[in-house]
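# Secondary and tertiary structure notes
Below, each chain spelled out in residue letters.
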Amino acid sequence: MNNIVWDLSLPSLKESFKKYFNFGNILAKNFFDCEETLDMFKYHYGAVTAENAMKPMYISTKPGSYDFDHTDKLVEWAYENGIDVVGHTLVWHGQSPPWLNRNPDGTYVTRSEAKSNLEEYIKHCVTHYSGRIYSWDVVNEPFRDDKEFSGNWREHLRRDTDNERAVGHWYLAYANGADAELGESGADYIFDAFYFARRYDPNATLYINEYNEESPTKREAIAQMVEEINEEWSKHPNYDGRFLIEGIGMQSHCNESTNIEDVRKSLERFCNTGAIISITEMDITFGSPENPAKPLNPEQNKRQIEMYTELFNLYKEFSAYIERVTIWGKNDLESWRAWGSPTLFGVEGEAKDSFNAVVELASK
Ligand code: XIL
């Protein structure tokens, strides 16, 4: 496939961080035929997320039709090798088929149709894998990137019809027929999604997953949502003594200007909700797509080492609350943001200075 050579005499990431948290990475379906990649994966990682294959658009293109071929292979392999599978993801504005919340003419289905589609999709997916998925990213990226927090998390949910930063089909379908006098709104899809996931797979840990989660607005919106929904659940007739939203996934798609103090504040605020935390999609880019950093220049390399070190020091400090750290990309060649050389391994699979720094601080 390429010139990647994995050196398995390096320290293993999962072994190095064993006493702190589990360590994960992603797999795309084409890697399934590459023994070297799978051997490397088993050596370094104890958790796997499907990079794309488990997203709604690849599971179900039309009503009543489900295709689990690729994901079955991944889940089977992970199970045989004792690797935790992260289910990514059930409810999202991206990479999802329109049938879930829109009519063939593009208008939104009604609130009750949306609820029934939501239940049908979640039920199908989670029961198919029941007992094999360690945790589900139940709702992915529900919030907009707003500047100021209004005091009510619901006001920050995505609800535009287009606009990549704010599009929110589930919200709009759930708003179609909502009775404001009864307290109903588009935001109700969030509770329902977690409710259905719990109902049909009580074994999995249920997560909300979000990016730019270090920003003060999203920090507060996420934390308040988790607290309110868990409170609401505690009064529900089916309450099972657990939180409904048990985990907060901090995607951690960082770049050279990510503010580490903000990351610390989010970790603190999220811990206060009582939920556990995972770092779910970590990478640190330099440059931009127009001005790629391939490879990093010496200054960028130095800064990347510093940032990985500072972030992993924080994760160690909060490790009592952190279940898993997953890097989004096995190396800089195969990353979704390859222009920014964001991972711990170089284009040929070689350990970067950032890898050495991270492994070194695990033993300090
Ligand atoms: C990305 C994949 O890495 C790409 O291959 C795909 O083209 C787009 O999605 N947040 C998420 C992930 O939750 O699912 C995204 O993955 C990256 C951002």
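The sections below set out a description of the structure shown in this document. (Residues numbered from 1 in each chain as written. Predicted model: local features only at pLDDT ≥ 70, side-chain atom pairs only at ≥ 80, totals over all residues. Heavy atoms only, no water.)

## Side note on the site of the ligand
Contacts to the ligand come from 13 residues, most closely from Glu51, Lys55, His88, Glu281 and Trp328. One of the side-chain N or O atoms of Asn140 is found 3.0 Å from an oxygen atom in the ligand. The fraction of the free accessible surface of the ligand (420 Å²) that becomes covered by protein chains is 78%. Grouping the constituent residues of the shell around the ligand by class yields three nonpolar, six polar and four charged. (Near = heavy atom within 4 Å. Polar contact = N/O pair within 3.5 Å; in protein donor to acceptor, adjacent residues only side chain to side chain. Areas by Shrake-Rupley, 256 points an atom, 1.4 Å probe, with all protein chains shown as cover. Nonpolar A, V, L, I, M, F, W, Y, C, P; charged D, E, K, R; others polar.)

## Quick notes on helix H4 (residues 69–80)
Because an α-helix completes one turn every 3.6 residues, residues spaced three or four positions apart along the sequence face the same direction. With twelve residues, H4 ought to run about 16 Å at 1.5 Å a step, and its terminal C-alpha atoms sit 17 Å apart, in line with that. Residues of H4 that are buried include every one of Thr71, Leu74, Val75, Trp77 and Ala78, and no others. Here the buried residues of H4 occupy an arc of 165° about the axis, which is enough to place them on one side. Away from the buried face of H4 by more than 90 degrees, exposed residues Asp69 and Glu80 are located. Once H4 ends, the next one or two residues include Gly82, with phi positive near 65°. (Helix = DSSP H or I, 4+ residues; strand = E, 2+ residues; numbered from the N terminus. Expected span 1.5 Å × (residues − 1). Buried < 20%, exposed > 50% of the residue type's maximum accessible area, 1.4 Å probe, protein only. Arc of directions from axis to C-beta.)

## So, the side chain of Asn331
Take Asn331: it is sitting in the loop between strand S9 (322–327) and helix H11 (353–362). Setting aside anything within four residues of it in sequence, one finds Asn331 in contact with Ile4, Trp6, Thr343, Phe345, Gly346, Val347, Glu348 and Gly349. (Contact = heavy atoms within 4.5 Å.)

## With respect to the side chain of Ser60
Of note, Ser60 is situated in the loop between helix H3 (56–59) and H4. Using a relative accessible area of 0% as the deciding quantity, one classes Ser60 as buried. Engagement of the side chain of Ser60 in a polar contact is seen with the backbone oxygen of Lys62, the distance being 3.3 Å. What Ser60 contacts, discounting residues up to four positions off in sequence, is Ser65, Tyr66, Pro97, Trp99 and Tyr121.

## Quick look at the nonpolar core
Residues Leu90, Trp136, Met282, Phe312 and Tyr315 are the most contacted members of the largest nonpolar core, which totals 109 residues. The dominant element in this core, judged by the number of residues it contributes, is helix H7 (residues 188–200), at nine residues. Beyond its immediate stretch of four places on either side in the chain, Phe312 contacts Phe17, Phe21, Phe23, Met282, Val325, Ile327, Val358 and Leu361. (Core = buried A, V, L, I, M, F, W, Y, C linked by side-chain atoms within 4.5 Å.)

## Notes on the pattern of salt bridges
The tally for this structure, following the rule as stated, stands at 27 salt bridges. Here Asp39 makes a salt bridge to Lys42, at a shortest N to O gap of 3.8 Å. With Asp39 and Lys42 both in helix H2 (residues 35–44), this residue pair falls three residues apart, about one helical turn. Owing to a relative accessible area of 31%, Lys42 belongs among the partly exposed residues under this scheme. For Glu119, the salt bridge goes to Arg199, with nearest N and O atoms at 3.5 Å. Of this pair, Glu119 sits in helix H5 (residues 111–128) while Arg199 is found in helix H7, placing the two residues 80 residues apart along the sequence. Residue Arg199 is classed as partly exposed on the basis of its relative accessible area, which comes to 48%. Through salt bridges with shared partners, one network takes in Asp145, Arg165, Glu210 and Lys218. (Salt bridge = Lys/Arg side-chain N within 4 Å of Asp/Glu carboxyl O.)

## Thoughts on unusual backbone geometry
Across residues other than glycine, the phi torsion is negative in most instances, and most of the peptide bonds are trans. Omega for the bond connecting His88 with Thr89 falls within 30 degrees of zero, at 10°, which places this linkage in the cis form. Its place among the elements puts Thr89 in strand S3 (residues 84–91). Here the bond from Lys294 into Pro295 is cis, since omega is -5°, no more than 30 degrees from zero. In this structure, Pro295 sits in the loop between strand S8 (276–285) and helix H10 (298–317). Notably, Glu141 is not glycine yet its phi reads approximately 50°, a positive angle. Along the chain, Glu141 falls in the loop between strand S4 (135–140) and helix H6 (169–175).

Keep in mind that these numbers describe shape and distance, not what the molecule does.
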